[in-house]
Amino acid sequence: MSRRNVELLFLVIAGAVSTMAYVSVYAGRFREINRLSIIYGLVFVGIFFVLHLLVRFVLPQADPFLLPITALLAAVGLTEIFRIRPSLALVQGQWLLVGAGLFALTVVLVRDHMRLDRYRYIMGAIGLGLLIATIVVGTTVNGSKLWIHAFGFSIQPSEFAKLAIVIFLAGYLNDKKVLLSVPTRHVLGVPLPATKYFGPLIVMWFLSLAMLVFMKDFGMALLFMSIFVALMYIATARIIYVVIGGGLFAAAAAIAVAIVPHVQDRFSVWLDPWPHAATTGYQLLQSLFTIADGGVAGAGFGRGFLLYANRQPVVPDLQTDFIFAAIANEMGLLGAAGVILVYLLFMWRGFRIAVFAPDGFSKLLAAGLAFAFGLQTFIILGGVTRLIPLTGITLPFVSYGGSSITANLMLVALLLMVSQRTNVMREGSDLERRRLAERG
Amino acid sequence: MNKAISRIFVVGVVLFVALVVNLTWIMVVRAAWFEDRPENKRSIAKELKIKRGELLGFDGSIIAGSLRRSGYYYRDYPQGTLAPQLLGYDSVRYGRSGIEQQLNEALTGKATDLGVQSWIDRLLGRKPKGADVRLTLVPAVQKTAQQQLAGLKGAIVVLDPKTGALVASASAPSYEPTSLEEDWARLRADAAAPLLDRPTQGLYAPGSAFKVVTAAAGLDYRKVTPTTEFVDTGTYVVFGGKVTNYGGAVFGPNDFTTALTFSINTTFAKLGNMLASKRLVASMQRSGFYQTPPLPLPRGEVVPSGRYGKKGLLPPDAFMDPLAVAWAACGQEKVLATPLQMALVTAAVANGGRVMKPYYVQQVTSAAGDVVQKARPEQWLVAMKPATATALNTMMQRVVNAGTGASAALEGIQVAGKTGTAERGDGTNLAWFVAFAPAADPKVAVVVVIEDTQSTGGEVAAPMAAKVLKSALAQPALP
């Protein structure tokens, strides 16, 4: 079976699973299935079918699993959002449409990710610019400054900055990897490369410190610093960068805990939420209660106790950062672990693409994107389950939020492009290979 | 490069495995622990989806109904707010109290003794249905009692002396349970404590109303008879202190019945020292002092009466000097009593000396219509000998017919009662009246206590007691 037919098959399976979940919620809420509900479902199926056709024509050799996984996660997200607040699901559906558009635009305009390598410094500037803009003109929501309000929309620029920075780092580190991996001197018996190559590490450290202090957000800072450290490690294979980077981040986090009250609150709530049960710890504890209530099998889609009588969700921000609590409550341990497994599957496909990729830039790009995706998932899931301190970050494809779903759909587009090149280089005809080489 | 990529993927896998392990810990291993945490109000909120059983009056009318609004059930009070402090609240944010808490299992259909249908429902995983509870509260009497207290601070308790059934229980100031969540902060901050159920938790100096207990002890221990002669000079000097009468009155020669009729402090102070602390306290214990009355309410919602020190209830054998005994015999000193306790003492006199267990559940009917629980009156204590009760009954009739309780008299019905006025020292009084009627065959016992008043028990509390007694005796049926 060709890659695209595998993709179609899995899309059909994902569509069937999603339809069942959606119908279950719809029936639970309205006690009937009417034409409107079917139209909503058909629009969703239609979006992914169009994306499938696009990939079939433009990237025929791309990885067949990423799109079905995306569809499944988006369906779970839309279903839960619909379950929690139907009006928001409609908005989220529109954002999915916008995201699909950007996905298509990325695929058609970029077509091959090697082109992006040429714009690496522009990408770096865009990424940095987005983050600085957030710090300068951003609005504080729930204690963290992660949003920019513009043209009647709320945008979370860090979601897009994530992509730009990964592209920049992939290009930059691929270029400098040799220089960075050759030790020129020894400090305390530790081989270290020349000081000037530490520059980027220091810049990145200051950037994450600035994010901690000015955005008051632990999660995004951790994400950016980790992406950087991971890519440094992949580029140079030198564990010393991980050690130093980890140490620097720990120091930055300690500084932030000491001087930023919001970060301090999050940290003390993480250590012991019970004394703060009515104040700063309320959200986390309600999340834990809601998750614990799910049990092994869960209450079933649309049947969990997620809304109070006045239609307020049991956990504040249930449809965004805490959507996993809703999933765990309704799908139980089995379903929640299943969702985690689906994320792991996505990450696995991403890293697999990186391993087989033909060149350094492609490897770094794919690994960076897969790592960013996986780590973001871990940060929010660990946060809502009190494995790590809670931080406001979205669950990719599932959380309510336009920036998140559009940026992550672009991430999928990039990964598909890398896998297209990888597969053509490995298996394609000479003609195809030559065509690709010319383009790169 | 590939080696590094694989290693990072392995780190990712480890992190995700940690997520699943932690999730299993939360959702399976610790699930029950999380559910039982007091911070977890999910179970209360979930119960809003169950049709909560109704609380009915003794006459069968709905006191607290269950109203369905977009899939959730809410309490509805078709007769207005009756006894909200006793009934309690059922709030997602602030938990439950009172009868709502005490009977929650039955009201939500979760109790194990709700009959076969409830078992079948549970086995089939059907949503349980709450059982209806018929209370012993009589709405008409309750309303009369609440009207008496309108605008005042105080409490009224009405008991059936022969069964121990709680006929009415009013506490003022009051609150609206339907707007509890909006009013919560204000209610909690209010110094007048509108959320407090004064009948069961209000500790008051009983004042002269306590003389019923002292008299019972004197008669029981044969220290006095109703005709024992005393001489009052207005002052009784004892142990370096003195006991005087209310308003500085001097009564001269009086017999014991007269002493109760006019509430002569010096006579009761002398009787106190004739008994000594041991016998006085023993008699108090027999009427229920120093124990928590067995009215089934959540922990802490019924408090014991007795002598209170700075750290709470003193032990029964705590030392008392003769001056302390003298004042304690008049219901002052460190003696504190709840209106419920005073109602139990009064009911004991009315019931030949026997104290019945107080209760408020007349009948529990499961959602399937089976009567699963019925009230069975039980004796709790024997407060005094039958002869003592008979003698006290006669003496208390004199209080109403010719003494301080004259304003409690009812036409055609013989009332027996005792006034009490505890001076607070800040110019305000605590006014008491304890009574039962009809004296020959008592059907109702009532206690009225009014805080922060300028008047005496006979002036302010006795007329209220009369109105409540009249209302109760006009009822076609009492528990």
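Bear in mind the structure is a predicted one, so any value in this text is a computation, not a measurement.

Draft legend 1. Expanded view of the pairing of strand β8 (residues 166–172) of chain B. All names here are of chain B. Counting buried residues along β8, 7 of its 7 residues qualify, which places the element largely inside the surrounding structure. With 6 bridges joining them, strand β7 (residues 154–159) and β8 adopt antiparallel strand pairing. Looking across to β8, one finds that Val157 is bridged to Ser169. Counted between consecutive antiparallel strands, the loop separating β7 from β8 contains 6 residues, among which Gly164 sits at a positive phi close to 90°.

Draft legend 2. The interface of chain B and chain A, seen in detail. Taken together, the 33 residues of chain B in the interface contact 38 residues of chain A. Looking at the side of chain B that touches chain A, the elements with two or more residues in it are α1 (2–29), α2 (31–36) and α3 (42–47) of chain B. By residue number, the principal contributor to the side of chain B that touches chain A is α1 of chain B, which donates 20 residues. Of the residues in the side of chain B that touches chain A, the class split is 21 nonpolar, 6 polar and 6 charged.

Draft legend 3. Spotlight on the packing of helix α7 (residues 157–181) of chain A against helix α9 (residues 218–236) of chain A. All names here are of chain A. Between α7 and α9, the shortest axis-to-axis distance is 8 Å and the interhelical angle comes to 30°. When the axis of α7 is compared with that of α9, the two are roughly parallel. The two elements α7 and α9 meet at a crossing, and its hand is right-handed. Across the interface between the two elements, Ser158, Lys162, Ile165, Val166, Leu169, Ala170, Leu173, Asn174, Lys177, Leu180 and Ser181 from α7 touch Met220, Leu223, Phe224, Ile227, Phe228, Leu231, Met232, Ala235 and Thr236 from α9. Class assignment for the residues of the contact of α7 with α9 results in 14 nonpolar, 4 polar and 2 charged.

Draft legend 4. Representation of the confidence of the model for chain B within the structure. Counting all residues, the mean pLDDT for chain B is 92, and 97% of those residues have values of 70 or more. On the interface metric, ipTM, the complex scores 0.93, and its pTM is 0.68.

Draft legend 5. Representation of the nonpolar core within the structure. Core analysis: the biggest nonpolar cluster contains 158 residues, and Ile227 and Leu231 of chain A have the highest contact counts within it. With 19 residues, the single largest contributor to this core is helix α13 (residues 323–356) of chain A. Beyond its immediate stretch of four places on either side in the chain, Ile227 of chain A contacts Ile165, Val166, Leu169, Gly368, Phe371 and Ala372 of chain A. Listed in part, the 130 residues of the second largest apolar core include Leu159, Val212, Val238 and Ala343 of chain B.

Draft legend 6. Broad picture of the environment of Asn245 of chain B. Residues and elements named next belong to chain B. Position of Asn245 relative to the elements: it lies in the loop between β11 (241–244) and β12 (252–255). Residue classification places Asn245 among the buried residues on the basis of 21 C-beta atoms within 10 Å. Residue contacts for Asn245: discarding those within four places in its chain leaves Gly234, Ile264, Asn265 and Thr266.

Draft legend 7. Region of interest: the environment of Ala406 of chain B. Residues and elements named next belong to chain B. Within the secondary structure, Ala406 is located in the loop between α16 (386–402) and β20 (416–423). Separated by 57 residues in sequence, Ala406 and Pro463 place their C-alpha atoms 8.8 Å apart. If we skip the residues at most four places from it in the chain, Ala406 touches Val400 and Gly458.

Conventions we followed
- Residues numbered from 1 in each chain as written.
- Chains lettered and ligands numbered in written order.
- Predicted model: local features only at pLDDT ≥ 70, side-chain atom pairs only at ≥ 80, totals over all residues.
- Buried ≥ 20, exposed ≤ 12 C-beta atoms within 10 Å, placed from the backbone.
- Helix = DSSP H or I, 4+ residues; strand = E, 2+ residues; numbered from the N terminus.
- Pairing = 2+ DSSP bridges.
- Contact = placed C-beta atoms within 7 Å.
- Nonpolar A, V, L, I, M, F, W, Y, C, P; charged D, E, K, R; others polar.
- Axes fitted to C-alpha atoms, helices over the stretch in contact; angles between N-to-C directions.
- Parallel < 35°, antiparallel > 145°, perpendicular 65-115°, else oblique.
- Left-handed = near helix turned anticlockwise from the far one by under 90°.
- pLDDT = per-residue confidence, 0-100.
- Core = buried A, V, L, I, M, F, W, Y, C linked by C-beta atoms within 7 Å.

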